[in-house]
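For reference, the chains in residue letters:
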Amino acid sequence: MLLVWASSDFCLSGVSCPGFPIILHDTMDSCREVNIFLRHHLSRGSISSHHTWRAAGQALYDYFSFLQVHSLQWKTVSPAIGVNLTDSYRLWSFSHVGLSRNTVSQRLHFICQFYEFALQQGWITHLPWHNESRVTVRSPTFLAHTEASSGKTTTRNVMPRRWRQLPTFLSSEQIHSLITTTRNPHHRMLLLMALNTGLRREELASFPLAYISTSCTPSAEIHGNIRISLSPTDGYGMRTKGMKPRDIYISQLFYRNICDYIRLRRYERASLSPSCQQALFLNHSGLPYADGGKHLDRVVREIGHKAGIEVNTHMLRHTWATHTLSLLQQQRDKNRIEPVVFIQQQLGHSSINTTMRYLHLINTLAEDAILQYSDILNIESGD
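Residues numbered from 1 in each chain as written. Predicted model: local features only at pLDDT ≥ 70, side-chain atom pairs only at ≥ 80, totals over all residues. Heavy atoms only, no water.

All right, on to the nonpolar core then. Phe-207, Ile-228, Ile-258 and Leu-316 are the most contacted members of the largest nonpolar core, which totals 60 residues. For this core, the element with the highest residue contribution is helix H6 (residues 185-197), accounting for 7 residues. Discounting chain neighbours no more than four positions away, the residues touching Ile-228 are Phe-207, Tyr-211, Ile-212, Arg-246, Asp-247, Ile-248 and Ile-250. Grouped together as the second largest cluster of nonpolar side chains are 41 residues, Val-34, Tyr-89, Phe-114 and Val-158 included. (Core = buried A, V, L, I, M, F, W, Y, C linked by side-chain atoms within 4.5 Å. Buried < 20%, exposed > 50% of the residue type's maximum accessible area, 1.4 Å probe, protein only. Helix = DSSP H or I, 4+ residues; strand = E, 2+ residues; numbered from the N terminus. Contact = heavy atoms within 4.5 Å.)

Time to look at unusual backbone geometry. Even without being a glycine, Met-28 presents a positive backbone phi close to 75 degrees. Relative to the helices and strands, Met-28 is located in the loop between strand E4 (21-24) and helix H1 (32-42). On the basis of relative accessible area, Met-28 is assigned to the exposed category, the value being 51%.

This brings us to helix H4 (residues 101-121). Over its 21 residues, H4 runs 30 Å from end to end, which matches the ideal 30 Å to within 8%, given 1.5 Å per residue. Among the residues of H4, Val-104, Ser-105, Arg-107, Leu-108, Phe-110, Ile-111, Cys-112, Gln-113, Phe-114, Tyr-115, Phe-117 and Ala-118 are the ones counted as buried. The first or second residue beyond H4 is Gly-122, which carries a positive phi of 80 degrees. (Expected span 1.5 Å × (residues − 1).)

Now for the packing of aromatic side chains. Following the criterion strictly, the structure yields 23 aromatic pairs and no others. Seen in terms of ring centroids, Tyr-63 and Phe-64 are 5.7 Å apart; in terms of plane orientation they differ by 90 degrees. Their pairing is edge-to-face. Note on Phe-64: relative accessible area 6%, which makes it buried. Taken together, the ring pairs in this structure connect Phe-37, Tyr-63, Phe-64, Phe-66, Trp-74, Tyr-89, Trp-92, Phe-114, Tyr-115, Phe-117, Trp-123 and Trp-129 into an aromatic cluster. Over the face of the ring belonging to Trp-5 we find Arg-54, whose NZ or CZ atom lies 4.3 Å from the ring centre. The ring of Tyr-358 has Arg-357 sitting right over it, with the charged end atom 5.8 Å from the ring centre. (Phe/Tyr/Trp six-rings, centres within 6.5 Å; stacked < 30°, edge-to-face > 60°. Lys NZ or Arg CZ within 6 Å of the ring centre and 35° of its normal.)

This part covers the pattern of salt bridges. Summed over all chains, the structure comprises 12 salt bridges. Two residues, Arg-200 and Glu-203, come together in a salt bridge whose shortest N-O distance is 2.9 Å. Residue Arg-200 is classed as buried on the basis of its relative accessible area of 13%. Note that Glu-302 is salt-bridged to Arg-298, the shortest N-O span being 3.3 Å. Of the two residues, Glu-302 and Arg-298 are both situated in helix H10 (residues 294-307); the distance of 4 residues between them amounts to about one turn of the helix. Overall, the relative accessible area of 42% leaves Glu-302 in the partly exposed class. Among the residues examined, Arg-298 registers a relative accessible area of 52% and is labelled exposed. Three or more residues are tied together by salt bridges with common partners; here these are Arg-200, Glu-203 and Arg-246. (Salt bridge = Lys/Arg side-chain N within 4 Å of Asp/Glu carboxyl O.)

In structure tokens:
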């Protein structure tokens, strides 16, 4: 089996789709049913993220490679034969490959969608699984009264049972150590941007210079927090998850520090590029961080290694969310908006249930630790 990624010459309904997954047999013939499914599923308007393209292509490629290696046919799903291909693939993924539970769940999600599509097309007569009812244990929340499922959910029995792992975040002491270890001013500002906004890795990598530089004037009087509109359609190259627009807020002090960084530091890297770049943050060659900002994780991990801390870019997002939510909960009488709702909007979560995870973390934070987090960021930003 071969997995290739389409060039810009590949079009769907007249639209160029570079990076679209295409699966081929070893003979270079098309894996017809899979590619029909991919074109149907991934070209829908609700799926605009190229990360989803890559995840779906990798999942189907991995599954069909498994079938090929074990001389199995994907259409062998009749219950009379007693062969459950998806169960076998799940066990193989865990025991022989050592994939994580989340990775296996994600791949099985796309594989199951393929089989459901195949059933609709009449390619098969049965699905290689059945649905079952599972009990979901949830802690009481202020939205508990809206829960109509009685703690039960219906799911495919092939899916691994899941437990929701709480996000990992940094303490105030670890944040201080991380920032003070960072001698590179560009990396330092990247860390501070993540810790002050909760932006995702790709959002950090594509954050436009224009969002800041258009209003960085010495005489500007800025009161309160600064609202910045993240809009993937404004022509500045901003990329958000699902290409959905949203507003974020940053403090007046940090906004001014970004302006200082642009005026005093960014030009060092910008001068290395033969052309003007739209992104605020540039790599050592003066170019934007490519491939969704994957190199940012390497930068953050290397800084963490020097500081003796295991950390990645997404952990900085969790850190902002946890500390900020705890501070807002303590000051909720002063807030015009429910703290969890504010965090949800700032992070760009589609479901508030995703944001609710942070409520389970804030009980571990003392009030002085929360205030220390805010003080550390203000002090480190102002250096």
